[in-house]
Amino acid sequence: MSDSQPHDIQTYLSVRSQLKSLSTYRATGKIVLHSSLIDALARTSYSPWFFYSVDKPKEILDLGFQVGQNKAEAGTISSPNTSVILENAKPSSFGRGSETVYDPEYRKGLEIPAEEITFPNQKSFEDLKDLLTTEVSRKLFDKQTGIKLRLELYKLAVYEEGGHFDWHMDTTHGDDHHATALLFLGSDWEGGDLKLKHGGYEFAQREWIQKEEEEEFVTEDGNVMPVHLIGFYTDVEHKVEPVTKGTRIVLQFDVRVDSDPGSKGKSDSYESTYTWGALDNARVITASLAVHRNQKALDDVAQIIEQRLSESPEQRQISDDDSDDVNSDDANSDDVEYIGFPLRHLYRLASIRPEYLKGVDAMLYEHFTTSQEFKDKFNVKLRPIVLVEETDYEGNWNTGPFFWIFESGNLARKNLKRKRGDEEPPVNESDAAAERSDYIDDEKTQFHLIQGCSLQVIESEHYIEYTGNEAQLGNGKYFGGAMFVSMKKSSI
Ligand SMILES: O=C(O)CCC(=O)C(=O)O
Ligand SMILES: [Fe+2]
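Residues numbered from 1 in each chain as written. Chains lettered and ligands numbered in written order. Predicted model: local features only at pLDDT ≥ 70, side-chain atom pairs only at ≥ 80, totals over all residues. Heavy atoms only, no water.

An unreviewed UniProt entry lists the chain under the name Fe2OG dioxygenase domain-containing protein, with Dendrothele bispora given as the organism. Per its UniProt entry, the chain bears the Sequence similarities (unreviewed entry) comment "Belongs to the iron/ascorbate-dependent oxidoreductase family." (UniProt positions renumbered as here; feature names shortened; annotations may be inferred.)

A. Geometry of the coordination of the iron ion (ligand 2). At this site the iron ion (ligand 2) is bound by His 168 (NE2), Asp 170 (OD) and His 238 (NE2), with donor distances of 2.0 to 2.1 Å. Of note, the iron ion (ligand 2) draws all its donor residues from one chain, in the sequence arrangement H-x1-D-x67-H. Asp 170 carries the same exposure label as His 168, and that label is buried. (Donors = N, O, S within 2.8 Å, 3.2 Å for Na, K, Ca; no water. Buried < 20%, exposed > 50% of the residue type's maximum accessible area, 1.4 Å probe, protein only.)

B. Spotlight on helix H10 (residues 359–370). Between the first and last C-alpha of H10 there are 16 Å, a value that for 12 residues agrees with the 16 Å anticipated at 1.5 Å per step. The set of residues buried in H10 consists of Gly 359, Val 360, Asp 361, Met 363, Leu 364, Tyr 365, His 367 and Phe 368. (Helix = DSSP H or I, 4+ residues; strand = E, 2+ residues; numbered from the N terminus. Expected span 1.5 Å × (residues − 1).)

C. Just the site of ligand 1, in detail. Residues in close proximity to ligand 1 total 14 residues, the closest being Lys 155, His 168, Asp 170, His 238 and Arg 248. Between an oxygen atom of ligand 1 and a side-chain N or O atom of Arg 107, the distance comes to 3.2 Å. One of the side-chain N or O atoms of Gln 252 is found 3.3 Å from an oxygen atom in ligand 1. Broken down by element, the shell around ligand 1 gets its largest block of residues, 3 residues, from strand S21 (residues 248–258). Partitioned by chemical class, the residues of the shell around ligand 1 number 7 nonpolar, 3 polar and 4 charged. (Near = heavy atom within 4 Å. Polar contact = N/O pair within 3.5 Å; in protein donor to acceptor, adjacent residues only side chain to side chain. Nonpolar A, V, L, I, M, F, W, Y, C, P; charged D, E, K, R; others polar.)

D. Molecular detail of the pairing of strand S19 (residues 237–240). Bridge count for strand S13 (residues 164–168) against S19 is 2 bridges, and the pairing is antiparallel. The residue of S19 that forms the bridge with Phe 165 is Val 240. Here 4 bridges tie strand S16 (residues 194–198) to S19, and the two strands are oriented antiparallel to one another. If you follow Leu 194 over to S19, its bridge partner there is Val 240. (Pairing = 2+ DSSP bridges.)

E. A look at the packing of helix H8 (residues 295–310) against H10. At a minimum axis distance of 11 Å, the contact between H8 and H10 shows a crossing angle of 60 degrees. Judged by the inter-axis angle, H8 sits oblique to H10. Two packed elements cross with a definite hand, and for H8 against H10 that hand is right-handed. On H10, the residues that touch Gln 295, Leu 298, Asp 299, Val 301, Ala 302 and Ile 305 of H8 are Met 363, Leu 364, His 367 and Phe 368. Split by residue class, the contact of H8 with H10 holds 7 nonpolar, 2 polar and 1 charged. (Axes fitted to C-alpha atoms, helices over the stretch in contact; angles between N-to-C directions. Parallel < 35°, antiparallel > 145°, perpendicular 65-115°, else oblique. Left-handed = near helix turned anticlockwise from the far one by under 90°. Contact = heavy atoms within 4.5 Å.)

F. Spatial organisation of the packing of helix H2 (residues 36–43) against H8. Direction vectors running N to C along H2 and H8 enclose 155 degrees, while the axes themselves pass 8 Å from each other. With respect to each other, H2 and H8 are oriented roughly antiparallel. By crossing handedness, the relation of H2 to H8 is classed as left-handed. Across from Ser 36, Leu 37, Ala 40, Leu 41 and Arg 43 in H2, the residues of H8 making contact are Ala 297, Asp 300, Val 301, Ile 304 and Ile 305.

G. Fine view of the pattern of salt bridges. Within this structure, the stated rule accounts for 15 salt bridges. Lys 195 serves as the salt-bridge partner of Glu 241, at 2.8 Å between the closest nitrogen and oxygen. Of this pair, Glu 241 sits in the loop between S19 and strand S20 (243–246) while Lys 195 sits in strand S16, placing them 46 residues apart in sequence. With a relative accessible area of 22%, Glu 241 lands in the partly exposed category. Across the salt bridge formed by Arg 353 and Glu 355, the nearest N and O atoms sit 3.0 Å from each other. The partly exposed category is assigned to Arg 353, whose relative accessible area is 39%. Bridged by salt links that share partners, the residues Arg 150, Glu 152, Asp 176, Asp 254 and Arg 256 form one connected network. (Salt bridge = Lys/Arg side-chain N within 4 Å of Asp/Glu carboxyl O.)

Written as structure tokens, this is what we have:
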């Protein structure tokens, strides 16, 4: 391998030019937009934390609150009254084994419990919680699975100069308590960096804030911190570095999960009411590298795939009949040999290989190929793909998205160079047979489109009506990597 890799953009440009010839030769496979597999894939991992800058709306930033039994006015979210808050706060203790101890070496901070915090404007407080809940469910939980979250104010924490809290995990306050959300109020402080640690990854609050400032999401105002939210799962270790100046004030919320999402098993659907943009909606620009492993979801994914691939066409017909969503005249549903789905990180064309997989992609690949239960059952292949949406000659987006698979090898290369009407290229038959056996037949592939994958736009054209020349078909094309799973012949 050469160490002078092409720049990403060159890779995409070359992908694009290869595409033009490729498209005339390859059949196309259809994409499933809703399925239990998509839901399970979405649950396999999340970044265990997130940062969100709360720079609007004004009603929330200006929301006032009171503290203490006498309900002293404590300022607002963006401008808290430090002295009133300090007057009403008590030293924080923490759990050590079965004991609750006060040890300023380990933790030095003050707090006001939720019972002593009031928001006279109840409606705006609910709006604030809704806003925070939306962010938490977006970033830490799969909003598609219909999980309902509830934020419960736990306390207000105050750290003065010298205040700190060493590495710890938060005590959970119930079986439904799955994450912590910290709302940092707009007070004046330095130091006091919140550090987070999980699965070998570490994150620091100050780095996030600086990044946001560079991107000009945040207005600088002396040392006053922008109001922001940090959320993390309860199994994330964290610490507060010593505050070097000013007062650090935080509202801490418990994130509770309504354990009955009322989820009924979803059957696969190509979506009868498809509207254009499914692919663009599935796309994220950058996927976070840090992952939180969800073993149950990994097992669910593998089991659903196994079940799908070992069903006979008759069985599949029966389960499809349960659903009115399924496009019944689709050939795919009769003969499924491969289940495919996009990778969630973006790779260069040449890097779509097991050894380069990142984060959740690596985790899934490893689960399929090395776990005791599945390694003898599954064959897993990685391929570059292009996902396509296009209009018909009338400009209607009515066919639903579909995909192309890139194959490498001599046969594929020769095919790529072929122009329409050229003869079949001469090939070494045994090589060709080996290569063909490695081909993924897209007509026998069911491709499940997950949300939040890293797909690169390589073409996007609006439909232009026929005006003497040919009509220009509207289309969107997206490049990415994909994983394809089939059953090992011996295990069927
Ligand atoms: O204030 C913070 O940033 C975190 C405080 C904390 O970890 C806690 O009180 O458990
Ligand atoms: Fe904590």
